[in-house]
Amino acid sequence: MAVSLQEARELVLSKCLPLASESVGLLELVGRVAAEEVKAPCNLPRWDNSEMDGFAVRAADCRAGGQLRVTAYLPAGKSAENIRVISGCAVRIMTGAPIPAGCDAIVPIENVDDVNGVITLKTAVAVEDYIRASGSDIAYGEVKIQVGTVLRAAEINLLAAFNRLDMHVVRCPKVAILSTGDELVPPGEIPGAGQIVDSNAYSLAAAVREIGAVPQLLGIARDNFESILDKVIQGLQADILITTAGASAGDRDFVYETLNKSGVEQLFQRVVMKPGGPSGFGIKDGTAVFSLPGNPVSSMIAFEELVRPALLKMMGHRNLLRPLQKAKVKGILRNNSGKTRFLRVRAQDTDNGLVVESAGNQNTGVLNTMLRANALVVLPAERREVGAGESVDLHFF
Ligand code: AMP
Ligand code: MG
């Protein structure tokens, strides 16, 4: 059951669908995907108001050198109900204060000399100067947030300005993460002879959180059917279950047997890519199950290329893949794998555009190269060698 990377992604995305919506409070909305359309329930600004600290005037009264008597003071937050600008007079007004009756322009404070309640105008004034008209920013009834919009600070400002407390967004997926292996101990425990610390669970949890989903660590299952089954049953309650290790050809690899017996419909068990080739995908009652390799680098790259797009789709996102960019190669890049090859590289912006070089030893066991890398170059199977100055596709991560 080996499939190409493209087939693997198509299978995964055909099974992973956007989740239902939930109502979420303003403070938790950033990064979430809108599941409802938001129309302006009112004009913004709601009423005509002053754009500047200055004086509310009648433009016809104002010529350069002319004088006006200041009759009232109108700060932001006060009603203009009992205030009127009459001919030959001005009202001192602050930014955001409502425009009083009789006024048709604002003169900024820096355009007058103000002596004992009489202002002398330095310039002429035109009707509507420095007045923010009601609805000039956002008009009542306009659709301002569409379904599928990723909410940023700007959208949240708008919702608060509309006096909304919450909004319907796509539910946030829960991602259960299961480490398997007799050699694993949890962080904090001292590894004995032949043991290593379970690090995959934490890099995967980090990657899940980076997207804005919720990781749930199931802990470590041992390399036997019962131990894995116990955790898989828990994990199938989540929206996505990710297992690492125990899914290759070794005589202690029980993950697929356990998934099969748990009723998971397996769509593939290998992808023609490197690293991350021994990656599988199945589905049970809407829960997507990814079986990733145990090797830390492989599990991270498999997450990046297979799980991340699925997770984003469940979260309601439309851009599922990181954008590919062209870069010029420094040195030589090789792909002898006969598979789609992801190379860990350092990419740098230069005067001649993006330039990449290998981040080091590309052996999948080498975490150090992952630490040095800021991008992955994608080489198709047939591209066995890329010489200096040639162009490649990459994406940052
Ligand atoms: P396996 O797929 O079980 O053959 O594991 C492949 C390699 O990944 C082995 O060297 C394991 O020790 C290592 N490995 C498996 N699980 C983890 C984990 N959770 N954290 C770090 N390394 C792991
Ligand atoms: Mg193992």
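A quick note: this is a predicted structure, and the numbers were derived from the prediction, not measured. (Residues numbered from 1 in each chain as written. Chains lettered and ligands numbered in written order. Predicted model: local features only at pLDDT ≥ 70, side-chain atom pairs only at ≥ 80, totals over all residues. Heavy atoms only, no water.)

Q: Got a minute to help me understand the packing of helix 3 (residues 200-211) against helix 6 (residues 296-314) in this structure?
A: Relative orientation and spacing of two packed helices are given, respectively, by the angle between their axes and the distance between those axes. The geometry of helix 3 relative to helix 6 is characterised by a closest axis approach of 10 Å and an angle of 30° between their N-to-C directions. Put simply, helix 3 runs roughly parallel to helix 6. Once helix 3 is placed against helix 6, the crossing between them reads as right-handed. Of helix 6, the residues touching helix 3 (which contributes N200, S203, L204, A207, V208 and I211) are P296, S299, M300, F303, R308, L311 and L312. Classifying every residue of the contact of helix 3 with helix 6 gives nine nonpolar, three polar and one charged. (Axes fitted to C-alpha atoms, helices over the stretch in contact; angles between N-to-C directions. Helix = DSSP H or I, 4+ residues; strand = E, 2+ residues; numbered from the N terminus. Parallel < 35°, antiparallel > 145°, perpendicular 65-115°, else oblique. Left-handed = near helix turned anticlockwise from the far one by under 90°. Contact = heavy atoms within 4.5 Å. Nonpolar A, V, L, I, M, F, W, Y, C, P; charged D, E, K, R; others polar.)

Q: Which parts of the structure should I look at to understand helix 4 (residues 225-235)?
A: Given 3.6 residues to a turn, an α-helix orients residues that are three or four positions apart in the same direction. Listed in full, the buried residues belonging to helix 4 are F225, S227, I228, K231, V232 and G235. The arc enclosing the buried residues of helix 4, seen along the axis, measures out at 160°, which places them on a common side. Those residues of helix 4 that are buried are in contact with strand 14 (174-180), strand 17 (214-221), strand 18 (240-244), helix 5 (255-261) and strand 23 (287-292). For helix 4, the N-terminal cap is N224; the gap from its side-chain oxygen to the backbone nitrogen of E226 is 3.3 Å. (Buried < 20%, exposed > 50% of the residue type's maximum accessible area, 1.4 Å probe, protein only. Arc of directions from axis to C-beta. Polar contact = N/O pair within 3.5 Å; in protein donor to acceptor, adjacent residues only side chain to side chain.)

Q: Is there a simple way to think about the site of ligand 1 in this case?
A: Within the structure, ligand 1 sits among 16 residues, and E183, D198, G246, G294 and N295 are positioned closest to it. A distance of 2.6 Å separates an oxygen atom of ligand 1 from a polar side-chain atom of E183. Interatomic distance of 3.3 Å between a backbone N/O atom of N200 and a nitrogen atom of ligand 1. Out of a free accessible area of 490 Å², ligand 1 has 71% covered by protein chains. Contributing elements (two or more residues each) for the shell around ligand 1: strand 14 and strand 16 (196-197). (Near = heavy atom within 4 Å. Areas by Shrake-Rupley, 256 points an atom, 1.4 Å probe, with all protein chains shown as cover.)

Q: Honestly, the nonpolar core in this entry has me stumped. Any pointers?
A: The nonpolar side chains of a soluble globular protein tend to be buried with one another. I242, F290, F303 and L311 are the most contacted members of the largest nonpolar core, which has 44 residues in total. No fewer than three residues from each of domain 1 (2-19 + 172-314) and domain 4 (325-396) sit in this core. Setting aside anything within four residues of it in sequence, one finds L311 in contact with P173, V175, V208, I211, A213, I240 and F303. (Core = buried A, V, L, I, M, F, W, Y, C linked by side-chain atoms within 4.5 Å. Domains from an automatic or database assignment.)

Q: How should I be thinking about the environment of S87 in this particular structure?
A: Mapped onto the fold, S87 is located in the loop between strand 6 (67-74) and strand 7 (89-93). Setting aside residues no more than four positions away along its own chain, S87 makes contact with R58 and D61.

Q: What should I look at first to understand the domain arrangement of the chain in this one?
A: Quite often, the size of an interface is put as the accessible area lost when its parts meet. In terms of domain boundaries, the chain breaks down into domain 1 (2-19 + 172-314), domain 2 (24-44 + 140-170), domain 3 (49-132) and domain 4 (325-396). Taken over C-alpha atoms, the centre of domain 2 sits 35 Å from the centre of domain 3.

Q: How should I be thinking about unusual backbone geometry in this particular structure?
A: Negative phi is the rule for most residues except glycine; trans is the rule for most peptide bonds. The omega angle of the peptide bond from L44 to P45 is -10°, so this bond is cis rather than trans. Within the fold, P45 resides in the loop between strand 3 (38-39) and strand 4 (49-50). A cis amide bond, omega -5°, links K274 with the succeeding residue P275. Mapped onto the fold, P275 is located in the loop between strand 21 (273-274) and strand 22 (280-284).

Q: So what exactly am I meant to see when it comes to the sheet that holds strand 19 (residues 265-268) here?
A: Sheet strands pair via backbone hydrogen bonds, and the direction of the pair is either parallel or antiparallel. One open sheet holds the six strands; their spatial order is 17-14-18-23-22-19, and the pairing between them is mixed. Of all the strands in the sheet, just strand 17 and strand 19 have a single pairing partner and so form its edges. In this sheet, adjacent strand axes meet at a mean angle of 20° when their direction is disregarded. Alignment of strand 14 against strand 18, held across five bridges, turns out to be parallel. If you follow V175 over to strand 18, its bridge partner there is I240. Contacts from helix 4 reach strand 14, strand 17, strand 18 and strand 23 within the one sheet, and its direction differs from that of strand 17 by about 165°. (Pairing = 2+ DSSP bridges.)

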